[in-house]
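Residue-level listing of the chains:
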Amino acid sequence: MTRCFGDRATFAVEVGEIQPPSLRAVDLWLAGKRLTTDDNSAYVPFFASALRSSAAQVRRRDIKPCPFPGHTPEEIYRLLHADEAEFREQFWFMQWGETVDNLSRYAYLEDDLVIVFAFWRASHPVPGHLGKVFTARIPPDEFASVVEEAAGLLDAGSVGSPR
């Protein structure tokens, strides 16, 4: 049975069936777009830990402020993505392994947590998404709560996972 945490229109984590020995189906949603189009099998020990790390980062507000005030989120994405120095690495977000390696994503804080992302694989199942930049805005504590709840379910359903 799949459990959904959050709202697909902004941000959601859907935890599905267990795939022994240490995998679980997980679908991620941002701004109404399913992110896990290429791979939704998460290695639970890594994935739950990565979720908790991101939640803690957001709760501490350890996210940089908007790097280019006065620009639209799409412009900010494009400016960050074009940067070939280490500057853009400060804004990398949701480093959650293979489940999200089909898109580029950055985050910054305004009043909300702003996540800008784009799909890059030519094989993306929705060709109209390629070349477009999407934006999700979510209150930081709401993001962290969704991620923590999903990590808790992942931990509870996995043999050998820390509780």
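Scroll up for the structure.
Given the structure is predicted, the values throughout are model-derived calculations rather than measurements.

Chemist: Would you mind going over helix H1 (residues 44-59) with me for this structure?
Modeler: Since one α-helical turn is 3.6 residues long, residues separated by three or four positions face the same way. Under the 1.5 Å per step criterion, the end-to-end length of H1 is 22 Å for 16 residues, consistent within 8% with the ideal 22 Å. Among all positions of H1, only Val44, Phe47, Ala48, Ala50, Leu51, Ser54, Ala55 and Val58 are buried. Down the axis of H1, the sector holding all buried residues measures 160 degrees, keeping them to one side. Residues of H1 that are buried sit in contact with strand S3 (23-30), strand S5 (41-43), strand S7 (113-119) and helix H3 (140-156). Phi for Arg61, located one or two positions after H1, is positive at around 60 degrees.

Chemist: Any chance you could explain the pattern of salt bridges here in plain terms?
Modeler: Pairs may arise between side chains of opposite charge once their charged atoms sit close together. Overall, the coordinates contain 11 salt bridges when judged by the stated rule. Between Asp155 and Arg52 there is a salt bridge whose closest N-O contact spans 2.5 Å. With a gap of 103 residues between them, Asp155 in helix H3 and Arg52 in helix H1 connect regions that are remote in the sequence. Residue Asp155 is classed as buried on the basis of its relative accessible area of 6%.

Chemist: Just to check I follow, could you spell out the nonpolar core for this structure?
Modeler: Among soluble globular proteins, nonpolar side chains are generally buried collectively. In terms of nonpolar packing, the biggest core is built from 40 residues, with Phe11, Phe93, Trp96, Leu113 and Phe143 touching the most fellow members. No other element matches H3, which puts 8 residues into this core. Excluding its chain neighbours within four sequence positions, the residues that come into contact with Trp96 are Phe11, Leu28, Phe46, Phe47, Ala50, Leu51, Ser54, Arg105, Phe143 and Val147. Membership of the second largest hydrophobic core comes to 11 residues, among which are Ile76, Phe91, Tyr106 and Val114.

Chemist: Any chance you could explain the pairing of strand S8 (residues 134-138) here in plain terms?
Modeler: Residue alternation in S8 divides its side chains into a buried set, Phe134, Ala136 and Ile138, and an unburied set, Thr135 and Arg137. Here 5 bridges tie S7 to S8, and the two strands are oriented antiparallel to one another. For Val116, the partnering residue across the bridge sits in S8 and is Thr135.

Chemist: Mind showing me how you'd approach the environment of Glu89 here?
Modeler: For Glu89, the location among the structural elements is in the loop between helix H2 (73-82) and strand S6 (103-109). Take Glu89: its relative accessible area is 39%, and that puts it in the partly exposed class. Glu89 sits 15 residues away from Ser104 along the chain, and the two C-alpha atoms are 11 Å apart.

Chemist: In this structure, what is going on with the sheet that holds S6? I would like to understand it.
Modeler: Each strand in a sheet pairs with another by means of backbone hydrogen bonds, the pair being arranged parallel or else antiparallel. The antiparallel open sheet is built from 3 strands, whose spatial order is S6-S7-S8. Each edge of the open sheet is held by one strand with a lone partner, namely S6 and S8. Neighbour-to-neighbour, the strand axes of this sheet turn through a mean angle of 20 degrees, independent of strand direction.

Chemist: For this particular structure, what's the right way to read the pairing of S7?
Modeler: Within a regular beta strand, the side chains point alternately toward one face of the sheet and then the other, so they alternate between its two faces. Across the 7 residues of S7, 7 count as buried, placing the element largely inside the fold. Residue alternation in S7 divides its side chains into two sets, Leu113, Ile115, Phe117 and Phe119 and Val114, Val116 and Ala118, and both sets are buried. Examined bridge by bridge, S6 and S7 share 7 bridges and lie antiparallel to one another. Looking across to S7, one finds that Ser104 is bridged to Ala118. Adjacent in sequence and paired antiparallel, S6 and S7 are bridged by 3 residues.

Analysis parameters
- Residues numbered from 1 in each chain as written.
- Predicted model: local features only at pLDDT ≥ 70, side-chain atom pairs only at ≥ 80, totals over all residues.
- Heavy atoms only, no water.
- Helix = DSSP H or I, 4+ residues; strand = E, 2+ residues; numbered from the N terminus.
- Expected span 1.5 Å × (residues − 1).
- Buried < 20%, exposed > 50% of the residue type's maximum accessible area, 1.4 Å probe, protein only.
- Arc of directions from axis to C-beta.
- Contact = heavy atoms within 4.5 Å.
- Salt bridge = Lys/Arg side-chain N within 4 Å of Asp/Glu carboxyl O.
- Core = buried A, V, L, I, M, F, W, Y, C linked by side-chain atoms within 4.5 Å.
- Pairing = 2+ DSSP bridges.
- Axes fitted to C-alpha atoms, helices over the stretch in contact; angles between N-to-C directions.

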